[in-house]
Amino acid sequence: MKPAALLVAVAVLLALPAVLNAYALTIFILILFYGFLAQAWNILGGYTGQLSVGHAAFVGVGGYTSAVLAANWAITPWLGMFVGAGLAAVLGAIIGYLGFRFGLRGFYFVLLTVAFAEVCRILVSNIDALGGALGLYITFTGNPRQFQFQDQRVYYYIALALMLLATAVAALIERRRFGIYLTAIREDEGACEALGVDTFRYKMLAMVVSSFLTGLGGTFYAFYLFSLQPNTVFGIPLSVEIIIRPIIGGAGTLLGPILGSFILTPLAELSRQYFGQSGLHGAHLIVYGLLLVSVVLFLPQGAYPYLRRLFNRA
Amino acid sequence: MAVGLTLIFGVMRVVNFAHGDMMVWGMYLAFVLATRIGLDPYLSFVLCAAALFLLGVAVQRGLVDRIVDAPHEMQILLMLGVALVLENLALAVFGPEPARIRSLLARLTWEVGPLYVDVARLVTFVVAIVLTLALWLFLFRTELGRLIRASADNPYGALVIGADVRRIYAAAFGIGAACVGAAGALVAPILPFQPTTGLSLSVTSFNIVIIGGMGSLVGAFIGGLLVSVAESLGAVFLKPSLKELFSFGLLILILLLRPAGLFGKRAT
Amino acid sequence: MTTRLTRRTFLATAAAGAAVAGFPLPLRAQAKTFKIGAVHPVTGPLAEPGQACRLGAQMAVEAVNAAGGIKSKGGLRLELIVGDTQTKPENGRVEAERVVAQGAQMLLGSFDSGSTNAMVSVAQQRRVPFLIDIAAADPITANVAKSVKEGQQKVQYVYRNFPTGSGFGRGAVRYFTEIFAEAKVTPTRVVVMYCNDLFGQNQSRGFMAAYKAAKPAWQVVEDEVIAWPEPPTDLSTEVSKLKSLKPDVIAPITRPASAQLLLPEIRKQRVESLGIVGPGSPGLYEAGQLAALKEDLEYVLTSVPWANFKNPKTTGVAEAYRKRSNGKTFDTNSGYSYDAVFVIADTLERAAKLDDPDAIVEALRTTNYSAGLMQYGGPIVFNELGDNPNAIPTMIQILGQKPVAVWPREAAVQKLVFPRPKA
């Protein structure tokens, strides 16, 4: 996408809060937030081709850390955010180390990430100091120093900033040699190793960056929704939400995750509105599943590359 | 249950993420049969197996077939999508509340000296052994079975000898699904199930198959025994709520130490 | 080529933005009504109680309107704007924002504590009075009270008419003590078992805390509280452990799934006891559970918020509810939502102005309402935390395959049967 087009898009996004009502604003906040998480995942999953279905664990670690620091030691979440992200990165490093050192690829790596996320979930559910299964409830004070805002628009801009940050990181990676290495690893790791590329190092780097960013998201989640429950923030449903956006939108592309979020978040909301009236449970997840299957079968590269080809031809 | 998964992987190198959710459908099918026509699950499991066989073939022909050569990630995502659809379709059709089938057998206990044996579990165990033996006989003694094993070992070789690989794949997937259908029906009277049970069943299946070794029938069976014993022991010695932790921890350990499992062939 | 993409993207985004912005266009109804946003988990894992809450609220709104609406405000009618959280906290927030954007001036909800807390932030941010009909986690109201006390927030907009986790615990311990005294037994080996999820942990914590504070004559085996992951696949090990502890009273906190495994397992392993007395949980009295468990549930006691069936009005509403819901019992969920709407109606009668949220809150805070259909320990009032101290549970027992209130005496519809008769 040309830089001019990008600037226009960003300008539009910046201007939106002026025209949207609170409900629509909330939806956009979620689009941007999930887009951010999607982009963070994309660095590991899309560019490097290491499918992680346990990214929720990083959200959880990030969120819980800053919530606990704020509640017990009155440390402002602005700082706690980075501590949380740091811890998430440590967890990512551990998973990465174990996975990559022991040569786990593809399906086995997926299982490893799922297992770790579930282990975290169960552990946190059983640690009373972290609120156990009940979770942590954050007091609403509206105090900006505590990462809370009386005005929703601030949340919007923060979510936007996060998404732009992740996209910028991904763009940076894409252009540098680092990104090229990652793509090469994704396409044919064996060949890379044969050529003497230190695949372990690059995979680890991607993992750490990805988990750090995701961890930042955890704090946003905690201080936007005011509660953390292990089943929600560490659970597989959140991991699915995180991975489905880049996959449908286009894994390994810069705009794919964002497009994915713009498509799927409103879709989920609409399907909830529509099916919720008739009491059909979990309908939006059926849609997710069908979309996933269709994309894999017909559009394996995702929506964004397909659209780009379409428009380029036109 | 695990035997079905290992069969699918062994033959097509496709990991069926939807395994647990298929089993849940097997359970619901048994539930419907039990409540609508009063057919006891210990009898209806044959029907459930047949129905899931058809489902398996359909999934294989319609979906998996197209991506057999595609990179692993695509297969994983495809089956994940199928799992999502199955689970939430069950949710939409049957609702989120747990369902349970009442079978006469499920209420009996048998006194054997100082022990109380749960008759339902005993029957399930026996039937499972019988079915596994039947499957083993099928794979090792029949023509189709031999073809399936041949395709698993060497797809190109199988093609060379004129085997209709697509049909074989369909059969394998179907049988794998049938196993899980039977398992579902047999277990339904013992285990209250909800649409969300699919995930834990999938994880348990993976645990077993990885420990026992992907692609090995014997491994799946032994793995099943090992995992259940380990989980029960874990429940006795650890805080019961950490039981789940134990099985995941075990999975991580096995993944790191011996991804090929005890009896499996090294992944190509 | 790429320029086209730019223009299209811009137009598309703008169009999408406008569509979403205009999406919930509040069409002003011809007759002015007072809108209440009722947000419950009507789909998802808690769909059944969520739908019960919504139906209870709807029936109450109809009843209020049929009786003439808010009389002091010229017969103003109530209107419900309904929302669905799917038990996800983010949807709690989204739905709260949506109904407020559509004109809701008060919020009602939302059953699970995560979504409820998300709604709290909206209530406080937008100054919308929020009456919680069901949600037990103590911090939900306590946190708001604290931030008002510390000056971080000016007004508390959140109130709750439902027992809190700690309230449940205290009520259960009180009933245990009274029931044991009534049966003239003093059990010394009460074994507490619970499902290790949000609800179970909260309840067991509340119960144990209340027990330690009360120091009753009867005793819980404190170091051996048995927990299981919810939903469980198998409870035989846990029940063996239970049996090895030689309990005289079994105190389980269950969910429907685990109850279906636990009770038959207790019977199968022949664990003898004076009785099964639950400190309070679902799974032991619902129609679906009774159908699945039959005799295994007989004589089981549990302490739950319950409707006051001695009140003739209650039985009338229960009958109407049964018809509208295709045979469901008027229970905790439908009941508390029903009462909540009436509390709101009462508040609106007394509020000085209806377009000032602070005036509504003032009226809400000073509520003293005695016409509730649920079993209360007094009139509905709100304390300094925003909770109703008179919201208490009732001890019910399954007798003749039906749940009936047996304790406290003034609520009892039938006589308590304890210890359970030998099989």
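So, here is what we can say about the structure in this document.

### Considering the overall build of chain C
- Summing up its helical and strand segments, chain C has 13 helices and twelve strands in all.
- A compact globule built from 423 residues should have a C-alpha radius of gyration of about 22 Å, and chain C, at 23 Å, falls within 12% of that.
- Along the first, second and third principal axes, the C-alpha atoms of chain C reach 75 × 60 × 50 Å.
- Here chain C displays about 15,400 Å² of accessible surface, and carbon together with sulfur accounts for 56% of that area.
- For chain C, the centre of its 48 positive side-chain charges and the centre of its 39 negative side-chain charges are spaced 4 Å apart.

### Re the overall build of chain B
- From N to C terminus, chain B includes eleven helices and two strands.
- In chain B, the succession of α and β elements from N to C terminus is α-α-α-α-β-β-α-α-α-α-α-α-α.
- Across the 268 residues that make up chain B, the buried fraction comes to 56%.
- Sequence-distant contacts in chain B: of pairs separated by 6 or more residues, those separated by 24 or more amount to 76%.
- For chain B, the computed accessible surface area is about 11,200 Å², with 70% contributed by carbon and sulfur atoms.

### Some details on the sheet that holds strand β5 (residues 158-160) of chain C
All names here are of chain C.
- Read from one edge to the other, the open sheet built from five strands follows the order β2-β1-β3-β4-β5, with strand pairing classed as parallel. Pairing within the sheet leaves two strands with one partner each, and these edge strands are β2 (77-84) and β5. Direction aside, neighbouring strands of the sheet carry axes that sit 25° apart on average.
- Of the pairings in the sheet, the one linking strand β1 (residues 33-40) to strand β3 (residues 106-110) comprises four bridges and is parallel in character. The residue of β3 that forms the bridge with Val39 is Gly109.

### Here's the deal with the pairing of β3(C)
Residue and element names in this part refer to chain C.
- In terms of burial, β3 is a largely internal element, five of the five residues being buried.
- Where β3 and strand β4 (residues 130-134) come together, four bridges link them in parallel fashion. Bridging across to β4, Gly109 finds its partner in Ile132.

### Things to note about the interface of chain C and chain A
- Every contact between the two is made by 54 residues of chain C and, on the other side, 56 residues of chain A.
- Roughly 4,800 Å² of surface becomes buried between chain C and chain A when both sides are summed, with 61% attributable to carbon and sulfur atoms.
- The interface formed by chain C and chain A includes one salt bridge.
- Among the salt bridges present, the one from Lys88(C) reaches Glu241(A), with a minimum N-O distance of 3.9 Å.
- Our count for the chain C to chain A interface comes out at 14 residue pairs in polar contact (both at pLDDT 80 or more).
- Mapped onto the side of chain C that touches chain A, the elements with two or more residues apiece are α1 (2-22), α2 (47-66), β2, α3 (89-101), α4 (113-126), α5 (139-149) and α7 (198-214) of chain C.

### Some remarks on the packing of α2(C) against helix α12 (residues 332-350) of chain C
Residue and element names in this part refer to chain C.
- Contact geometry for α2 and α12: axes closest at 7 Å, N-to-C directions at 35°. In terms of crossing hand, the pair formed by α2 and α12 is right-handed. Together, Pro49, Ala52, Cys53, Gly56, Ala57, Met59, Ala60, Val61, Ala63 and Val64 of α2 and Asn333, Ser334, Ser337, Tyr338, Val341, Phe342 and Ala345 of α12 make up the contact between the two elements.
- Taken together, the residues of the contact of α2 with α12 break down into 13 nonpolar, four polar and no charged.

### Considering the pattern of salt bridges
- The full count for this structure, using the stated rule, is 20 salt bridges over all chains.
- One salt bridge connects Glu118(A) with Arg121(A), and the closest N-O pair in it is separated by 2.9 Å. Placement of both Glu118(A) and Arg121(A) in helix α5 (residues 106-126) is noted, with a separation of three residues, approximately one turn of the helix. Per residue, the accessibility class of Glu118(A) equals that of Arg121(A), and both read buried.
- Of the charged contacts, one joins Glu97(C) and Arg93(C) as a salt bridge, the two residues approaching to 3.6 Å between their closest N and O atoms.

### With respect to the nonpolar core
- With 154 residues, the main nonpolar core has Tyr156(A) and Phe220(A) as its most contacted residues.
- At 18 residues, helix α2 (residues 22-47) of chain A tops the list of elements feeding residues into this core.

### Focus on unusual backbone geometry
- Cis peptide bonds are those with omega within 30 degrees of zero, and the linkage from Gly109(C) to Ser110(C) qualifies with -15°.
- By secondary structure assignment, the location of Ser110(C) is in strand β3.
- Trp407(C) connects to Pro408(C) through a cis peptide bond whose omega is 0°.
- Secondary-structure assignment places Pro408(C) in the segment after β12 (402-407).
- In this structure, Phe147(A) takes a positive phi of about 60° despite not being glycine.
- Inspection of the secondary structure puts Phe147(A) in the loop between β1 (136-137) and α6 (152-175).

### A short note on the environment of Val277(C)
Residues and elements named next belong to chain C.
- The topology assignment puts Val277 in strand β9 (residues 275-278).
- Separated by 42 residues in sequence, Val277 and Leu235 have C-alpha atoms that sit 18 Å apart.
- Setting aside residues no more than four positions away along its own chain, Val277 makes contact with Phe176, Val249, Ile250, Ala251, Pro252, Leu301, Met395 and Phe418.

### A short note on the sheet that holds strand β6 (residues 190-195) of chain C
All names here are of chain C.
- Read across the sheet, seven strands follow the order β7-β6-β8-β9-β10-β11-β12 without closing on themselves; strand pairing throughout is mixed. Edge positions in the sheet fall to β7 (226-228) and β12, since each of these pairs with one other strand and no more. Each neighbouring strand pair of the sheet contributes to a mean axis angle of 25°, computed without reference to strand direction.
- In terms of strand pairing, β6 meets strand β8 (residues 249-253) through five bridges, oriented parallel.

### A look at the packing of helix α8 (residues 236-244) of chain C against helix α9 (residues 256-268) of chain C
All names here are of chain C.
- Running from N to C, α8 and α9 point in directions that differ by 50°, and their axes come no closer than 10 Å. Classified by the interaxial angle, the pair formed by α8 and α9 is oblique. For the pair α8 and α9, the crossing hand works out as right-handed. Residues Ser236, Val239 and Leu242 of α8 lie in contact with α9, whose contacting residues are Leu262, Glu265 and Ile266.
- Tallied by class, the residues present in the contact of α8 with α9 amount to four nonpolar, one polar and one charged.

### Quick word on the pairing of strand β11 (residues 394-399) of chain C
Residue and element names in this part refer to chain C.
- With six of six residues buried, β11 lies mostly within the body of the structure.
- Of the two faces of β11, the one carrying Thr394, Ile396 and Ile398 and the one carrying Met395, Gln397 and Leu399 are both buried.
- Strand direction decides the pairing type here: strand β10 (residues 301-304) and β11, joined by four bridges, are antiparallel. Of the residues in β11, the one forming a bridge with Thr302 is Ile396.
- Pairing of β11 with β12, which is carried by five bridges, proceeds in the antiparallel orientation.

### Examining α2(A)
Residues and elements named next belong to chain A.
- Between its terminal C-alpha atoms α2 stretches 35 Å, which fits the 38 Å expected from 26 residues at 1.5 Å a residue.
- Its maximal kink placed at Trp41, α2 deviates by approximately 45°.
- Taking burial as the measure, the 26 residues of α2 include 26 buried ones, the bulk of the element.
- For α2, the N-terminal capping position is held by Asn21, with its side-chain oxygen 3.1 Å away from the main-chain nitrogen of Tyr23.

### Some details on the packing of aromatic side chains
Residues and elements named next belong to chain A.
- Evaluation of the coordinates by the stated rule reveals 35 aromatic pairs over all chains.
- Plain terms: the ring middles of Phe178 and Tyr202 are 5.9 Å apart, the flat faces sit at 40° to each other, and that makes the pair tilted. Here Phe178, found in helix α7 (residues 177-187), pairs with Tyr202, found in helix α9 (residues 199-225); they are 24 residues apart in sequence, far enough to count as distant. In terms of burial, Phe178 and Tyr202 fall into one category: buried.
- If you follow Arg101 out to its NZ or CZ, it ends over the ring of Phe200, 4.1 Å from the centre.

### Section: the state of the cysteines
- The final tally for this structure, using the stated rule, is zero disulfides over all chains.
- Residue Cys53(C) stays outside any disulfide, its sulfur separated by 18 Å from that of Cys195(C), the closest cysteine.

### Brief notes about a nonpolar patch on the surface
All names here are of chain A.
- Side chains of Leu79, Val83, Leu87, Val90 and Ile94 sit close together on the surface and give an oily, nonpolar patch of about 410 Å² of accessible area.
- Relative to the helices and strands, Val83 is located in helix α4 (residues 77-101).
- Judged by relative accessible area, Val83 falls into the partly exposed class, the value being 39%.

What counts, and where the lines are drawn
Residues numbered from 1 in each chain as written. Chains lettered and ligands numbered in written order. Predicted model: local features only at pLDDT ≥ 70, side-chain atom pairs only at ≥ 80, totals over all residues. Heavy atoms only, no water. Helix = DSSP H or I, 4+ residues; strand = E, 2+ residues; numbered from the N terminus. Rg over C-alpha atoms; globule rule 2.2 N^0.38 Å. Areas by Shrake-Rupley, 256 points an atom, 1.4 Å probe, with all protein chains shown as cover. Lys, Arg positive; Asp, Glu negative; His and termini not counted. Charge placed at Lys NZ, Arg CZ, Asp CG, Glu CD. Buried < 20%, exposed > 50% of the residue type's maximum accessible area, 1.4 Å probe, protein only. Contact = heavy atoms within 4.5 Å. Pairing = 2+ DSSP bridges. Axes fitted to C-alpha atoms, helices over the stretch in contact; angles between N-to-C directions. Buried area = accessible area lost by both parts, 1.4 Å probe. Salt bridge = Lys/Arg side-chain N within 4 Å of Asp/Glu carboxyl O. Polar contact = N/O pair within 3.5 Å; in protein donor to acceptor, adjacent residues only side chain to side chain. Left-handed = near helix turned anticlockwise from the far one by under 90°. Nonpolar A, V, L, I, M, F, W, Y, C, P; charged D, E, K, R; others polar. Core = buried A, V, L, I, M, F, W, Y, C linked by side-chain atoms within 4.5 Å. Parallel < 35°, antiparallel > 145°, perpendicular 65-115°, else oblique. Expected span 1.5 Å × (residues − 1). Bend = angle between axes of the 7 residues up to and from the residue. Phe/Tyr/Trp six-rings, centres within 6.5 Å; stacked < 30°, edge-to-face > 60°. Lys NZ or Arg CZ within 6 Å of the ring centre and 35° of its normal. Disulfide = S-S within 2.5 Å. Patch = residues over 30% accessible without salt bridge, like charges linked within 9 Å, V, L, I, M, F, W, Y side chains within 5 Å.

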